[in-house]
Amino acid sequence: MGAATLGSVFERYKLNAICNDCGRSKELDVAALKDKYGDDFEVPRLSKMVKCTKCGSPHGCVVHLGNLVGPHLREKEMSGINVRSFALTTGIFGGLSMFFIAWWLILIGAAEGPATLFERLYMGYSFTPLGSVIGAVWGFVDWGIAGAIFAWLYNWLSKKLG
Ligand SMILES: [Zn+2]
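Conventions adopted
Residues numbered from 1 in each chain as written. Predicted model: local features only at pLDDT ≥ 70, side-chain atom pairs only at ≥ 80, totals over all residues. Helix = DSSP H or I, 4+ residues; strand = E, 2+ residues; numbered from the N terminus. Rg over C-alpha atoms; globule rule 2.2 N^0.38 Å. Buried ≥ 20, exposed ≤ 12 C-beta atoms within 10 Å, placed from the backbone. Contact = placed C-beta atoms within 7 Å. Expected span 1.5 Å × (residues − 1). Core = buried A, V, L, I, M, F, W, Y, C linked by C-beta atoms within 7 Å. Pairing = 2+ DSSP bridges. Axes fitted to C-alpha atoms, helices over the stretch in contact; angles between N-to-C directions. Domains from an automatic or database assignment. Parallel < 35°, antiparallel > 145°, perpendicular 65-115°, else oblique. Left-handed = near helix turned anticlockwise from the far one by under 90°. Nonpolar A, V, L, I, M, F, W, Y, C, P; charged D, E, K, R; others polar.

## Brief notes about the overall build of the chain
Assigned secondary structure in the chain consists of 7 helices and 3 strands. When the helices and strands of the chain are read in sequence order from the N terminus, they spell out α-β-β-α-α-β-α-α-α-α. Taken over the C-alpha trace, the chain has a radius of gyration of 30 Å; the compact-globule value for 162 residues is 15 Å, which it surpasses by more than 25%. Looking at the chain residue by residue over its 162 residues, the buried ones come to 18%. The contacts in the chain between residues at least 6 apart in sequence include a share of 73% that link residues at least 24 apart.

Spelled out as structure tokens, the structure:
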């Protein structure tokens, strides 16, 4: 890989020019430089071109790549998993699973027989058309709560460990 170019840096990093003589640091306007010199212009070449406005040193400067941390980027990092949408996803998944398990057993003729663990756990759930709907509600609530706890715990842990 060659040197970083203005095109590859734009909107991903910021450029800081630090004077070799007086150490003054100045952020460069990447967008303006890109417009002027083009996408393929290599960033290291700037170090000879940028003149310190304070001491006017002929020795140029060092150009550093810095992380561009915009407010929207930071917010995204902080929020982790969106608890509500994650809970909704697992809730829908759980509801559909319960619904289809019931219908699958009805269709293959395995719905009869003693009450299963599922039917005992979820009040009103049975492998019947009505039971499948009740099961879907149970599945949605149960998996939704599980998903919310999962997402919350994940966020909590990544904040602790992060
Ligand atoms: Zn200087």
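Here the narrative resumes.
## Quick notes on helix H7 (residues 129-161)
With 33 residues, H7 ought to run about 48 Å at 1.5 Å a step, and its terminal C-alpha atoms sit 47 Å apart, in line with that. Every buried residue belonging to H7 is among Gly131, Ser132, Gly135, Ala136, Trp138, Gly139, Phe140, Trp143, Gly144, Gly147 and Ala151, and all of these are buried. Structurally, H7 contributes buried residues whose contacts are with helix H5 (83-107).

## Examining the nonpolar core
Within the largest apolar cluster, 9 residues are counted, these being Leu6, Val9, Leu15, Ala17, Cys19, Val43, Cys52, Cys61 and Val63. Mapped onto this core, the elements with two or more residues apiece are helix H1 (6-9), strand E1 (13-19) and strand E3 (61-67). For this core, the element with the highest residue contribution is E1, accounting for 3 residues. Contact partners of cysteine 61, with chain neighbours within four places excluded, come to Ala17, Ile18, Cys19, Asn20, Ser47, Val50 and Cys52.

## With respect to the environment of glycine 109
Tracing the backbone shows glycine 109 in the loop between H5 and helix H6 (117-121). Sequence separation of glycine 109 and serine 25 is 84 residues, and the distance between their C-alpha atoms is 76 Å.

## Concerning the sheet that holds E3
Judged by pairing direction, the sheet is antiparallel, and its 3 strands sit side by side in the order E2-E1-E3 without closing on themselves. Two strands bound the open sheet, and with one partner strand each, they are strand E2 (25-28) and E3. Neighbouring strand axes in the sheet, compared pairwise and without regard to direction, differ in orientation by 30° on average. Bridge count for E1 against E2 is 4 bridges, and the pairing is antiparallel. Along E2, the bridge assignment pairs asparagine 16 with glutamate 27.

## A look at the domain arrangement of the chain
Under the domain assignment used here, the chain contains domain 1 (6-68) and domain 2 (75-161). On a C-alpha basis, the centroid separation for the pair domain 1 and domain 2 is 54 Å.

## With respect to the packing of H5 against H7
Packing of H5 against H7 leaves a shortest axis separation of 6 Å and a crossing angle of 150°. Taken together, the axes of H5 and H7 are roughly antiparallel relative to one another. Between H5 and H7 lies a crossing whose hand is right-handed. Of the residues in the contact of H5 with H7, the class split is 19 nonpolar, 12 polar and 1 charged.

## Some remarks on H5
Residues separated by three or four positions in an α-helix point in the same direction, a consequence of the helix having 3.6 residues per turn. For H5, spanning 25 residues, the distance from its first C-alpha to its last is 36 Å, which sits close to the expected 36 Å at 1.5 Å a residue. Phi for glycine 109, located one or two positions after H5, is positive at around 75°.

## Looking at the environment of asparagine 20
As for its position among the elements, asparagine 20 is in the loop between E1 and E2. Residues asparagine 20 and proline 44 lie 24 residues apart in sequence; the distance between their C-alpha atoms is 14 Å. Apart from residues no more than four positions distant in its own chain, asparagine 20 is found in contact with Ser57, His59, Gly60, Cys61 and Val62.

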